[in-house]
Amino acid sequence: MKALFITIFAVMSFGASASIVCHTPRSNKVFEIRDTRVTFFNEFDTTAKRELASVISRSRSTETGMTKIVDFENQKHTIHIADAAHFSDSDDYIIIKAKSGHEVTYPLSCEQK
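All of these numbers come straight from a predicted model, not from anything done at the bench. (Residues numbered from 1 in each chain as written. Predicted model: local features only at pLDDT ≥ 70, side-chain atom pairs only at ≥ 80, totals over all residues. Heavy atoms only, no water.)

(A) Structural context of the overall build of the protein chain. Broken down by element type, the protein chain carries 1 helix and 10 strands. Tracing the protein chain from N to C terminus, the helices and strands come up as α-β-β-β-β-β-β-β-β-β-β. Counting every position in the protein chain, which comprises 113 residues, the buried fraction comes to 36%. On the protein chain, roughly 7,000 Å² of surface is accessible, and the fraction owed to carbon and sulfur atoms is 54%. (Helix = DSSP H or I, 4+ residues; strand = E, 2+ residues; numbered from the N terminus. Buried < 20%, exposed > 50% of the residue type's maximum accessible area, 1.4 Å probe, protein only. Areas by Shrake-Rupley, 256 points an atom, 1.4 Å probe, with all protein chains shown as cover.)

(B) Broad picture of unusual backbone geometry. The residue serine 27 is not glycine, and still its phi comes out positive at about 60°. Counting through the fold element by element, serine 27 comes out in the loop between strand S1 (20-23) and strand S2 (30-34). Of note, the phi angle at glutamate 73 is positive, near 55°, even though the residue is not glycine.

(C) Highlighting the nonpolar core. If you look at the biggest cluster of nonpolar residues, it comprises 17 residues, and the most contacted ones within it are Phe31, Ile33 and Ile79. Going through the elements one at a time, S1, S2, strand S3 (37-41), strand S6 (66-72), strand S7 (75-81) and strand S8 (93-98) are the ones with two or more residues in this core. Top contributing element to this core by residue count: S6, with 3 residues. If we ignore the near neighbours within four places in the chain, the residues touching isoleucine 33 are Ala18, Ser19, Ile20, Val38, Met66, Lys68, Ile79 and Ile81. (Core = buried A, V, L, I, M, F, W, Y, C linked by side-chain atoms within 4.5 Å. Contact = heavy atoms within 4.5 Å.)

(D) Structural view of the environment of phenylalanine 31. Topologically, phenylalanine 31 is positioned in strand S2. In this structure, the C-alpha to C-alpha distance between phenylalanine 31 and cysteine 110, residues 79 residues apart in sequence, is 9.5 Å. Those residues in contact with phenylalanine 31 that sit more than four places away from it in its chain are Ile20, Val21, Cys22, Val38, Thr39, Phe40, Phe41, Ile79, Ile94 and Leu108.

(E) The arrangement of the pattern of salt bridges in detail. Inspection of every chain in the model, using the stated rule, returns 3 salt bridges. The partner of arginine 34 in a salt bridge is glutamate 32, and the shortest N-O contact between them spans 3.5 Å. (Salt bridge = Lys/Arg side-chain N within 4 Å of Asp/Glu carboxyl O.)

(F) Region of interest: the packing of aromatic side chains. According to the stated counting rule, one finds 2 aromatic pairs in the structure shown. On the numbers, 5.7 Å between centres and 50° between planes, the contact of phenylalanine 31 with phenylalanine 40 is tilted. Comparing phenylalanine 31 with phenylalanine 40, the two get one shared label, buried. Each ring, one from phenylalanine 40 and one from phenylalanine 72, has its centre 4.1 Å from the other, and the planes form 5°; the classification is stacked. Of this pair, phenylalanine 40 sits in strand S3 while phenylalanine 72 sits in strand S6, placing them 32 residues apart in sequence. (Phe/Tyr/Trp six-rings, centres within 6.5 Å; stacked < 30°, edge-to-face > 60°.)

(G) The arrangement of the state of the cysteines in detail. Summed over the entire model, instances satisfying the criterion amount to 1 disulfide. Each sulfur in the disulfide pair cysteine 22 and cysteine 110 lies 2.1 Å from the other. Classification of the bridge connecting cysteine 22 and cysteine 110 rests on its S-S torsion, roughly 110°, and on that basis the disulfide is right-handed. Of this pair, cysteine 22 sits in strand S1 while cysteine 110 sits in strand S10 (residues 109-112); the two residues are 88 residues apart in sequence, bridging distant segments of the chain. The same class applies to cysteine 22 as to cysteine 110, namely buried. (Disulfide = S-S within 2.5 Å.)

Here's what the structure looks like:
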């Protein structure tokens, strides 16, 4: 019971105080996740903070990770982080779905800021 409480507390604390910066393999999608907001950046430009858009996301949290869903550039972006304490290029991904139904999935490289 204590372990479950500590895990839930850690995930809740993580979302409140830190941010996660992620990018696709060629950095054509670079974004920051902070609380309920996802901020998209120009390619290769997270340091200058030239934001393309900052949108409010719908969220689902698990014991260790999260899934964020945002509408950006007329496409639905589903961002999945399997374990926020241990990022994984094979378990973390983004699915981009166009209104026409075309869907692309990219692995993500993420780090906590």
